[in-house]
Amino acid sequence: MTGKTTRFALTITGLLCLAGHAHAGKLADLLGSQGLKDAGTTAMTGLTLTDAQVIELGAKSVAQMDQDNPVASADNAYAKRLAKLASGMEREDGLKLNFKVYLVKDVNAFAVPDGSVRVFAGLMDLMPDDAELLSVIGHEIGHVKYGHSKEHYRAAYLSRAARKGVAAIGGTVGKLASSDIGAIGEAAVNAKFSRANETQADEYGVDFLRRHNLDPNAAVRGMQKLAAQDGKAKTSFLDDHPASQERVSHLQKYIARKK
Ligand SMILES: [Zn+2]
């Protein structure tokens, strides 16, 4: 349960996209100002990824992450719980989803453009309430549904291409070296979503609960738990960015509005 030290577990720190981070973030995080400029130039030469290519890239990167992390085997209690919760969600809202647990103690979860959802054991421990856990999972699925995660993968790809040269990384997703795929996936998964994207995903999480006949207020409780966790971990956000509380308030209003 402590998780072996893996590249992924080491490089992902704190709460991913779930609490806080009202500031900075977004694509600038991925690219940096020079990277953005270079990526812009690169984009002008016609280097863009189609949706199908982004999905392929996402699938390849998550396959690597699955190798680098302790994935719970099917008979593991965490895997059993998640499989039960996700049963019937293989085709959800037009997406093709797959679910795995990483036996890592971090409070975290993420989803990738190909529909891979990865949930960390630490998050499952924090949320023994299934509806709360599903609110977070729904939130992550929202980032896929709305194309936010695709945007991060595209930016990470362009950034890598700009830094190394298009020829050096092979030009197309099919020819990318595994080291490039790993770096792109890591950058994309670690990038912060914009505030607007988080709001959209938060709302999607509520809709997701409703769609599955679960109490939408579980999204509020889940967010409150994450906010408390954020404070405990003394991450930089809560002191000067009351983002989590704002998100809780927004969720409450959104739920009330749609009753
Ligand atoms: Zn998010």
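Computed from a predicted structure; not experimentally measured.

Engineer: Any chance you could break down the side chain of His139 for me, citing the residues and the numbers?
Structural biologist: Considering the arrangement of structural elements, one finds His139 in helix H6 (residues 130-145). Looking at His139, the relative accessible area reads 3%, which means it is buried. Reaching out from His139, the side chain makes a polar contact with the side chain of Asp202 at a distance of 2.8 Å.

Engineer: I'd like a description of the layout of surface pockets, backed by residues and values.
Structural biologist: Considered as a void within the structure, the second largest pocket measures approximately 160 Å³ in volume. If you trace the second largest pocket, you find 13 residues lining it, with Leu82, Ala83, Ala86, Phe99 and Lys100 closest to the centre. For the lining of the second largest pocket, a count of residues per class yields 9 nonpolar, 2 polar and 2 charged.

Engineer: Run through the packing of aromatic side chains, naming residues and quoting values.
Structural biologist: What the rule picks out here adds up to 4 aromatic pairs. Considering the side-chain rings of Tyr102 and Phe110, the 6.3 Å spacing of their centres and the 55° angle between planes classify their relative orientation as tilted. Taken individually, Tyr102 and Phe110 each receive the classification buried, so the pair is uniform in this respect. Ring centres of Tyr102 and Phe120 lie 5.6 Å apart, and the angle between their planes is 55°; this geometry places the pair in the tilted category. With Tyr102 in strand S3 (residues 98-102) and Phe120 in strand S5 (residues 116-120), this residue pair connects regions lying 18 residues apart in the sequence. With respect to class, Tyr102 is no different from Phe120; both count as buried. A connected cluster of aromatic rings, assembled from ring pairs, spans Tyr102, Phe110 and Phe120.

Engineer: Talk me through empty space enclosed by the protein; I want residue IDs and the actual numbers.
Structural biologist: All told, the structure shown has 3 cavities of 30 Å³ or more when counted by the stated rule. The space that makes up the largest cavity amounts to roughly 90 Å³. Residue assignment for the lining of the largest cavity shows that the elements contributing at least two residues are H6, helix H9 (195-211) and helix H10 (218-232). The element best represented in the lining of the largest cavity is H10, accounting for 4 residues. In terms of residue class, the lining of the largest cavity is built from 7 nonpolar, 4 polar and 1 charged. If you add up the space inside the second largest cavity, you get close to 70 Å³.

Cut-offs applied
- Residues numbered from 1 in each chain as written.
- Predicted model: local features only at pLDDT ≥ 70, side-chain atom pairs only at ≥ 80, totals over all residues.
- Heavy atoms only, no water.
- Helix = DSSP H or I, 4+ residues; strand = E, 2+ residues; numbered from the N terminus.
- Buried < 20%, exposed > 50% of the residue type's maximum accessible area, 1.4 Å probe, protein only.
- Polar contact = N/O pair within 3.5 Å; in protein donor to acceptor, adjacent residues only side chain to side chain.
- 1 Å grid on protein atoms, 1.4 Å probe; cavity = no way out; pocket = protein on both sides within 12 Å on 5 of 7 lines; lining within 4 Å.
- Points joined across faces, edges and corners; volume = space filled by probe spheres on them.
- Nonpolar A, V, L, I, M, F, W, Y, C, P; charged D, E, K, R; others polar.
- Phe/Tyr/Trp six-rings, centres within 6.5 Å; stacked < 30°, edge-to-face > 60°.

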